[in-house]
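# What the coordinates show
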Amino acid sequence: MSDAQNQIENRPPSVANLFLKRVAATPDAEAYRYPVPAASGEGPDDWKSLSWGEAAKRVFAVAAGLIDLGVLPEQRVALASNTRVEWILADIGVMCAGAATTTIYPSTNADESGYILSDSGSVVLIAEDAGQLAKAREKRAELPDLKHVVVIDAAGVEADAADPEGFVLSLADLEARGAAYLEHSPKAVEERVEAITADQLATLIYTSGTTGRPKGVRLPHDNWSYMAKAISATGLLTKDDVQYLWLPLAHVFGKVLTSGQVEIGHVTAVDGRVDKIIVNLPVVQPTYMAAVPRIFEKVYNGVASKARAGGGAKYKIFLWAAGVAREYAKVSQDNFQRTGTASVPFKLRAQHGLADKLVYSKLRDAFGGRLRAAVSGSAALAPDIGYFFSGAGIHILEGYGLTETSAASFVNPGEAYRTGTVGKPVPGCEVRIADDGEILLRGPGVMQGYHGQPEKTAEVLEPDGWFHTGDIGELSADGYLRITDRKKDLIKTSGGKYIAPAEVEGQFKAVCPYVSNIVVHGADRNFCAALIALDGPTVEAWAKENGLDGKSYAEIVAAPQTVELIQGYVDQLNEGLQRWQTIKKFRLLPRDLDIEHGELTPSLKLKRPVVEREYKHLIDEMYEGSREA
C-alpha cells in the first residue's frame, strides 16, 4: 500500500483534528492573507496576514463562544456571508465545536434563506452584515429554532425592540465570550474535537435547484477529512504554494479548498470580491487558484476585445498567437500522452517563442506572473479556450465533482493534464459508466443523503454506495473522464438525433469573443436554435467603434449591425458542426443572464429551464412556421 493510500485509509475523523495538528506543526507559518481597505478609503487595499497560531486563537474563541451559547454537537450553525477570512475562521470554529455548518449564499433572498434556516433547524446564524441580519429578522416568526444571530461586520446594525434578549451579537462579542469561557474551561474545544466521530454531520449544503426548493446535502466530518487527504495525495499542491481564493465558500467547490489547505499548510489569500480579481492577482501573485469557466471566458474575451480595439494589425497578431497557442497545446499534450515528453516541432516552437514575447507573457503577468496551475470546475470549460490558455503557459486543470460528492472527485494530473477531460479519479474514488452512459461514483466523498428526504436520497444513492451523478461521460482506456452533458439536458430533435447542448455552447464561446451566455434549444424540434446573451463591457467597446456609441446594452443588441456581427460567428460555429447540430436561428437577449433573476446559480452555472421559461416567446418566435412549432 502506498503512503498516500495509507494516509487516506487511516485518516483522522475530521478536519477539526487536522486543524489542531496543523497548528501544532507550524504555529508561526503564514496561513491566511486578507485585504483591509486603506484608512483613507482611497488607494489600494492593505493586505494583512494570520499565522496558523493566530488563526487558531480566533477559531478556538469562536468554537468556545458557540459552546457558551449552548450549541450542541451536530446542531446547525448557518453562515451567510461573502468569501472572506472570517468565513473560514467561523466554519472551522463551528467544526471544532462539533457542530455543523449550514451554508447560505449571501445573494439568497429572504424567503429562500428562511426556508434553509428552517429546514436545517439552524440554532445560530453567522451573518456578514446588517443586510443578512435583516433577512433573518424578516423571517424570525417562522424560525423557532434560531436563537442567535452573530454579525461579522456590525457597522450599520441597529437595535430592534422586537429582538429577543441576546438575539443579536457581533463576531467580536462572540470571540470575547469564547475567550472568557476558555479561561475557566481551557480544554473545552479540544474535548469537543476529540469527541467528533467520522459519521457526525459537519456541513449541510443546499443545492441550487432549477425547480422547487433546494435539497440539503448532508456531508459528515469524514467527507472533508478524506478530501483533505485526497487533495494532498494528488501532489498538485505543496506547502510553498500561495492560493488565491475568491470562490463562494457557500459552494462545495470553494469549501473543499479550505480542507485541502489545512492538510497541506500552504498560504491562502482570501477575497471574494469578484470585481477585485484583476486588481488582486498582480498583488497576491498566486501560484495556484481555482475558478469557474466563466472567469476564463471573460479573461479570454477581454484580451480579444482589447486586441481588436488596438486596430487591425494588433488583432491579427492576437488571432495568430491564439492559433499558435492552441496548436502548441494540442501537439505538446498529444506527444506527452504518446511518449511522456511534451515535445513540439522546431517551427512551431519558434512561432510559440515569438507569440510568447508579443502576447502570452503579458497574459501571464495579468495573473500575477507566478501561476503554476489553475483548477477549473463547476461547469465545462470550452476546449478551445482551455487549449488557448495552455499554450499561453497558464495551465488549466479541469476537475469534476458535485455537492453530493464533496466537490473533488476527478482532477487532471499536473503535467499529464488533458484539455477537454476532467482528468482521473482522486485517490479513493471509484467510477463506472452505466449502460446509458451515466457516470456513477462511489467512495468516502459521497454524501450521507439529502436532509430529511429519504425518498430523494434513494433516487440517486444505491444501497451499495454508488451515486448516480446525472451526468453523461466517457472513460478513456487509461482512466481520463470526459463529460459530454447532463443526462436531463440532452436534446433529441424531432428527427431522432441526440445533441449535447453544452458541447455546442462551449464551441461557440471559443469562437465568439462577445458572448457571455448561450442556451441551445431544439428538443422535439426539427432544427436547433439559440438564445444568446452578450458580454456588456466587450460589446459596448465594439459598439463605440461601430456607430453605436452612447447606446444602452438593449439598444446595442437590437441594432442590425450587432445581429450581423453575431450571425458571422454563428456561421463560423456551424462550419465545424454536424448538420443536425447547426444553429439555424438565434435571438439576442435584451440583457445578460444573472443570479438575481434566477437564471444562473451562484457558481454561475446555467439554469436552463428558467431561461427557456423566461424567454419562451423568443423561442416560439424562432420556430414559428416550422413543422413542430
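Notes on the structure in this doc start here.

Cut-offs and rules
- Residues numbered from 1 in each chain as written.
- Predicted model: local features only at pLDDT ≥ 70, side-chain atom pairs only at ≥ 80, totals over all residues.
- Heavy atoms only, no water.
- Helix = DSSP H or I, 4+ residues; strand = E, 2+ residues; numbered from the N terminus.
- Rg over C-alpha atoms; globule rule 2.2 N^0.38 Å.
- Buried < 20%, exposed > 50% of the residue type's maximum accessible area, 1.4 Å probe, protein only.
- Areas by Shrake-Rupley, 256 points an atom, 1.4 Å probe, with all protein chains shown as cover.
- Lys, Arg positive; Asp, Glu negative; His and termini not counted.
- Charge placed at Lys NZ, Arg CZ, Asp CG, Glu CD.
- Contact = heavy atoms within 4.5 Å.
- Polar contact = N/O pair within 3.5 Å; in protein donor to acceptor, adjacent residues only side chain to side chain.
- Pairing = 2+ DSSP bridges.
- Axes fitted to C-alpha atoms, helices over the stretch in contact; angles between N-to-C directions.
- Phe/Tyr/Trp six-rings, centres within 6.5 Å; stacked < 30°, edge-to-face > 60°.
- Lys NZ or Arg CZ within 6 Å of the ring centre and 35° of its normal.
- Salt bridge = Lys/Arg side-chain N within 4 Å of Asp/Glu carboxyl O.
- Patch = residues over 30% accessible without salt bridge, like charges linked within 9 Å, V, L, I, M, F, W, Y side chains within 5 Å.
- Core = buried A, V, L, I, M, F, W, Y, C linked by side-chain atoms within 4.5 Å.

## Concerning the overall build of the chain
When its secondary structure is counted, the chain shows 22 helices and 26 strands. Since a compact globule built from 629 residues should have a radius of gyration of about 25 Å, the 25 Å found for the chain is in line with a globular shape. Overall size of the chain, expressed as C-alpha extent along the three principal axes, is 75 × 60 × 55 Å. Every one of the 629 residues in the chain was classed for burial, and the buried ones make up 56%. Working note: accessible area of the chain is about 26100 Å², and carbon and sulfur atoms make up 51% of it. Here the chain contributes 67 positive and 81 negative side-chain charges, whose respective centroids are spaced 5 Å apart.

## Describing helix α15 (residues 383–391)
Here α15 lies mainly inside the structure; seven of its nine residues are buried. Among the residues of α15, those classed as buried are I385, G386, Y387, F388, F389, S390 and G391. In this structure, the buried side of α15 is in contact with α12 (293–309), α13 (312–339), α14 (346–366), β14 (396–400) and α17 (501–511). Taken from the residues just after α15, G393 is the one with a positive phi, measuring 90°.

## Describing the environment of A110
Turning to its location among the elements, A110 is positioned in helix α5 (residues 110–120). Accessibility expressed as a relative area gives 12% for A110, which makes it buried. Once the C-alpha coordinates of A110 and L133 are considered, the two residues, 23 residues apart in sequence, prove to be 9.9 Å apart. For A110, the residues in contact, after removing those within four places along its chain, are K135, E138 and K139.

## Describing the environment of E86
Mapped onto the secondary structure, E86 falls in helix α4 (residues 85–96). A relative accessible area of 16% means that E86 is categorised as buried. The sequence separation of E86 and D478 amounts to 392 residues, and the corresponding C-alpha distance is 42 Å. Those residues within four positions of E86 in sequence are excluded, and the remaining contacts are R58, I152 and L171.

## Some points on helix α6 (residues 130–138)
Three or more residues of α6 are buried, namely Q132, L133, K135, A136 and R137. Among the structural elements, β3 (76–80), α5, β5 (124–127), β6 (148–151) and β7 (168–170) are those in contact with the buried residues of α6. At the N-terminal boundary of α6, the capping side chain belongs to D129, with an oxygen 3.2 Å from the backbone nitrogen of G131.

## Things to note about the environment of P12
Structurally, P12 can be placed in the loop between α1 (3–9) and α2 (15–25). Remark: the alpha-carbon pair of P12 and Q351, spanning 339 residues in sequence, is separated by 51 Å. Non-local contacts of P12, meaning those with residues more than four positions away in its chain, are made with N17, L18, K21, S225 and K229.

## Focus: the sheet that holds strand β9 (residues 216–220)
With respect to topology, eight strands assemble into an open sheet ordered β7-β6-β5-β3-β4-β8-β9-β19, the strand pairing being mixed. The open sheet has two edge strands, β7 and β19 (449–450), and neither has a second partner. The sheet contact formed by β3 and strand β4 (residues 100–104) spans five bridges and is parallel. Each bridged residue has a counterpart across the sheet, and for R76 the counterpart in β4 is A100. Here helix α9 (residues 221–234) sits on the sheet and contacts β8 (201–206) and β9; the angle it forms with β9, its principal contact strand, is near 65°.

## Description of the pairing of strand β18 (residues 438–442)
Within β18, four of the five residues are buried, which leaves the element mostly enclosed by the surrounding structure. Across four bridges, strand β17 (residues 430–433) lies against β18 in antiparallel orientation. For V431, the partnering residue across the bridge sits in β18 and is L441. Between β17 and β18, which pair antiparallel one after the other, the connecting turn spans four residues, and G437 there sits at a positive phi close to 95°. Here three bridges tie β18 to strand β20 (residues 467–475), and the two strands are oriented antiparallel to one another.

## Considering the packing of aromatic side chains
Think of a pair of aromatic rings as described by two things: how far the centres are apart, and how the planes are tilted against each other in angle. Scanning the model with the defined rule gives 13 aromatic pairs in all. Geometrically, the ring pair formed by Y514 and W542 is edge-to-face, given 6.4 Å between the ring centres and 65° between the ring planes. Of the two residues, Y514 sits in the loop between α17 and β24 (515–521) while W542 sits in helix α18 (residues 536–544), which places them 28 residues apart along the sequence. Here the aromatic cluster, defined as three or more aromatic residues joined through ring pairs, consists of F296, Y300, Y315, F318, F367, F388 and F389. Lying across the ring of Y450, K215 places its NZ or CZ 5.0 Å from the centre. Across from the ring centre of Y623, 4.2 Å away, lies the NZ or CZ of R525, which sits over that ring.

## Considerations on the pattern of salt bridges
For the coordinates displayed, the defined rule picks out 32 salt bridges. For E30, the salt bridge identified is with R33, shortest N-O distance 2.6 Å. Taking the shortest distance from any N to any O, the salt bridge between K48 and D46 comes out at 3.3 Å. Exposure remark for K48: the relative accessible area of 37% places this residue in the partly exposed category. Using a relative accessible area of 39% as the deciding quantity, one classes D46 as partly exposed. One network of salt bridges, in which partners are shared, links R294, E297, K298, K509 and D535.

## A look at a nonpolar patch on the surface
Among the surface-exposed residues, I317, W320, L354 and L358 lie close enough to one another that they form a single nonpolar patch of about 340 Å² accessible area. At the level of secondary structure, the elements contributing two or more residues to the nonpolar patch comprise α13 and α14. Topologically, L358 is positioned in helix α14. Residue class for L358 comes out partly exposed when judged on its relative accessible area of 40%.

## Brief notes about the nonpolar core
Buried together is how nonpolar side chains tend to be arranged in soluble globular proteins. If you look at the biggest cluster of nonpolar residues, it comprises 182 residues, and the most contacted ones within it are Y32, F389, F508, I532 and I566. Listed in part, the 16 residues of the second largest apolar core include A78, L143, F167 and L204.

## A few points about the sheet that holds strand β11 (residues 267–270)
Strand order in the open sheet formed by nine strands is β2-β1-β11-β10-β12-β13-β14-β15-β16, and the pairing between neighbours is mixed. Two strands lie at the open edges of the sheet, namely β2 (46–51) and β16 (424–425), each paired on one side alone. Bridging between strand β15 (residues 410–411) and β16 involves two bridges; their strand directions are antiparallel. Paired with F410 across the two strands is P425, which belongs to β16. Across the sheet, α4 is in contact with β1 (30–36), β2, β10 (242–245) and β11; its angle to β1 comes to roughly 135°. Sheet strands touched by helix α11 (residues 277–284): β1, β2, β10, β11 and β12 (288–291). Its angle to β10, the strand with the most contacts, is close to 165°.

## Points about the side chain of E505
You can see E505 is positioned in helix α17. There is a polar contact of 2.6 Å between the side chain of E505 and the side chain of R608. Setting aside residues up to four positions removed in sequence, E505 forms contacts with I518, V519, V520 and R608.

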